[in-house]
Amino acid sequence: IGAARGSDDNSEKIQTINALLSEMDGFEKDSGVLVLATTNRIESLDPALIRSGRFDSHIAIPLPQTKEERLEIIKLHIKKRKLAENIHLEDLAAQWVGFSGADIESVLNEASIIAVQRELPAITKECLDEGFYKKRLKGHIRKSSQAHRNKKELEIVAYHEAGHAVCRKLLGVGDVSKVTILSTTSGAGGVTFNVPEKMGLFSREELEAEVKILYAGRVGEYLLFKKNPKKVTTGAKNDIKEATRILKSMIMECGLQQEQVMVDFNQFSNTENYVLEKTRELSQKLYEETVVLLENHFPLVREVAEYLVENKSPQSRPGQLEKETIEGEELDLIVNNYLERLRKKVS
């Protein structure tokens, strides 16, 4: 009810805000009344609402920034839930970077529902994983369709996700919690779950690394079909969209293009051609660097992809049925073994 008033507002809305402002001005200093309000869009509030004497004390509630903050929120939401003994809350707090309190509650609620449906005595790690999948992918794992996917499709998805995962590990930007080629009801053929190192300020080097990681999925496909590039798929559509958003922000708002132009281009008209050209140049540069990086380490990309397609893991036991997923610890083992072999070869 507090949106800024304008010429296109209806009379009821204006009267509501005017009445609110009038009532707020009517309090006596010793009346003991404290007025609270919340909003996710403070920039769109009417200026009269937030001037001195009204809502003049602003308290920002950001997303939980640290693992410790997320851990406290998780503890709050599990008070009436029974968890399996092998679940470590510290691991969940480390994995759920970027989650709000509501996101954390949503995952735990979904995991609880899954546990009840399966008549389990407690919430298991698998229940939490499925709740996590649903939150991040906006859909459930399509278990019934896995058997109907041909091996070629699985191979393409595996090389795509292996490209993302290997690029992030080689660049050393954050970590990877898991890589999967399980399809979902949201249409995703697979996904790489990343754990960023931080939230907040980012350098140009860090943003460029994020763009390279987004491009690495397409590069993984390109290297698979290097002799016949026309077979590359549309799987990178969302990656390209997110990379474009980052590049555009770097150039238009942050002054982080190759030439240090300290100008906010959002404040000008007719800058579309300049921004488009600079975005294209930076995109081409980062894509080519990603191709070189993954070409130099293509045996590692192939190794990760083969683990995904063949349903095996470096830590699997004889007779153990593996899903088409590599956990973060398993990926670390693959990468570290590869780098050790590479060091011995060089020496």
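Our subject is the structure that appears above.
Residues numbered from 1 in each chain as written. Predicted model: local features only at pLDDT ≥ 70, side-chain atom pairs only at ≥ 80, totals over all residues. Heavy atoms only, no water.

**Student:** Before we go on, may I ask you to explain the overall build of the chain in this structure?
**Tutor:** The helix and strand tally for the chain stands at 11 helices and 3 strands. A burial count over the chain gives 40% of its 347 residues as buried. Look at the contacts in the chain between residues 6 or more apart in sequence, and 66% of them connect residues 24 or more apart. Put simply, the chain shows about 20800 Å² of open surface, and 52% of that area lies on carbon and sulfur atoms. (Helix = DSSP H or I, 4+ residues; strand = E, 2+ residues; numbered from the N terminus. Buried < 20%, exposed > 50% of the residue type's maximum accessible area, 1.4 Å probe, protein only. Contact = heavy atoms within 4.5 Å. Areas by Shrake-Rupley, 256 points an atom, 1.4 Å probe, with all protein chains shown as cover.)

**Student:** Honestly, empty space enclosed by the protein in this entry has me stumped. Any pointers?
**Tutor:** A water-sized probe, rolled over the atoms, reveals where empty space remains. Taken as a whole and judged by the stated rule, the model has 1 cavity of 30 Å³ or more. The space that makes up the largest cavity amounts to roughly 40 Å³. Around the largest cavity, the lining residues are Ile-251, Gln-257, Gln-258, Glu-259, Lys-278, Glu-281 and Leu-282. Among the elements that line the lining of the largest cavity, the one with the most residues is helix α9 (residues 272–296), at 3 residues. (1 Å grid on protein atoms, 1.4 Å probe; cavity = no way out; pocket = protein on both sides within 12 Å on 5 of 7 lines; lining within 4 Å. Points joined across faces, edges and corners; volume = space filled by probe spheres on them.)

**Student:** Quick question: what am I supposed to make of the nonpolar core here?
**Tutor:** Among soluble globular proteins, nonpolar side chains are generally buried collectively. Counting 32 residues, the largest nonpolar core has Leu-294, Leu-300, Val-301, Val-304, Leu-308, Ile-326 and Leu-331 as the members making the most contacts within it. Looking at this core, the elements that each hand over two or more residues are α6 (151–171), β1 (175–180), α7 (204–224), α9, α10 (298–309) and α11 (328–346). Leu-71, Leu-89, Leu-92 and Leu-108 belong to the second largest nonpolar core, which has 24 residues in total. (Core = buried A, V, L, I, M, F, W, Y, C linked by side-chain atoms within 4.5 Å.)

**Student:** Whenever I open this one, the pairing of β1 confuses me. Can you help?
**Tutor:** Regular strands place their side chains on alternate faces of the sheet. In terms of burial, β1 is largely enclosed, as 5 of its 6 residues are buried. Pairing of β1 with strand β3 (residues 325–327), which is carried by 3 bridges, proceeds in the antiparallel orientation. Residue pairing across strands places Val-179 opposite Ile-326, the latter belonging to β3. (Pairing = 2+ DSSP bridges.)

**Student:** In this structure, what is going on with the pattern of salt bridges? I would like to understand it.
**Tutor:** One side chain can pair with another of opposite charge once the charged atoms of both are near each other. All told, the structure shown has 18 salt bridges when counted by the stated rule. Here Asp-129 ties to Lys-125 by a salt bridge, and the two come within 3.6 Å at their closest N and O atoms. Remark: Lys-125 and Asp-129 occur in helix α5 (residues 125–137); sequence separation between them is 4 residues, near one turn of the helix. Relative accessible area serves as the criterion here: at 37%, Lys-125 is assigned to the partly exposed category. A salt bridge links Arg-343 to Glu-340, with the nearest nitrogen and oxygen atoms 2.9 Å apart. Linking Arg-343 with Glu-340, this pair stays in helix α11, spanning 3 residues, or about one helical turn. When salt bridges with common partners are traced through the structure, they connect Lys-125, Asp-129, Lys-178 and Glu-327 into a single cluster. (Salt bridge = Lys/Arg side-chain N within 4 Å of Asp/Glu carboxyl O.)

**Student:** For this particular structure, what's the right way to read the packing of aromatic side chains?
**Tutor:** Working definition: an aromatic ring pair is given by the centre-to-centre distance plus the angle between the planes. Inspection of the entire model under this criterion finds 5 aromatic pairs. Arranged with centres 6.1 Å apart and planes meeting at 70°, the rings of Tyr-215 and Tyr-287 form a pair that is edge-to-face. Taken together, the positions of Tyr-215 in helix α7 and Tyr-287 in helix α9 put the pair 72 residues apart, joining distant regions of the chain. You can call Tyr-215 buried: its relative accessible area is 8%. (Phe/Tyr/Trp six-rings, centres within 6.5 Å; stacked < 30°, edge-to-face > 60°.)

**Student:** Help me understand α11 in this model?
**Tutor:** Along an α-helix, residues three or four apart share an orientation, since each turn contains 3.6 residues. Taking 1.5 Å per residue as the helical rise, α11 with its 19 residues ought to reach 27 Å, and the 27 Å between its terminal C-alpha atoms agrees with that figure. Where α11 is concerned, the buried positions are Gly-328, Glu-330, Leu-331, Ile-334, Val-335 and Tyr-338. In this structure, the buried side of α11 is in contact with α6, β1, α9, α10 and β3. (Expected span 1.5 Å × (residues − 1).)

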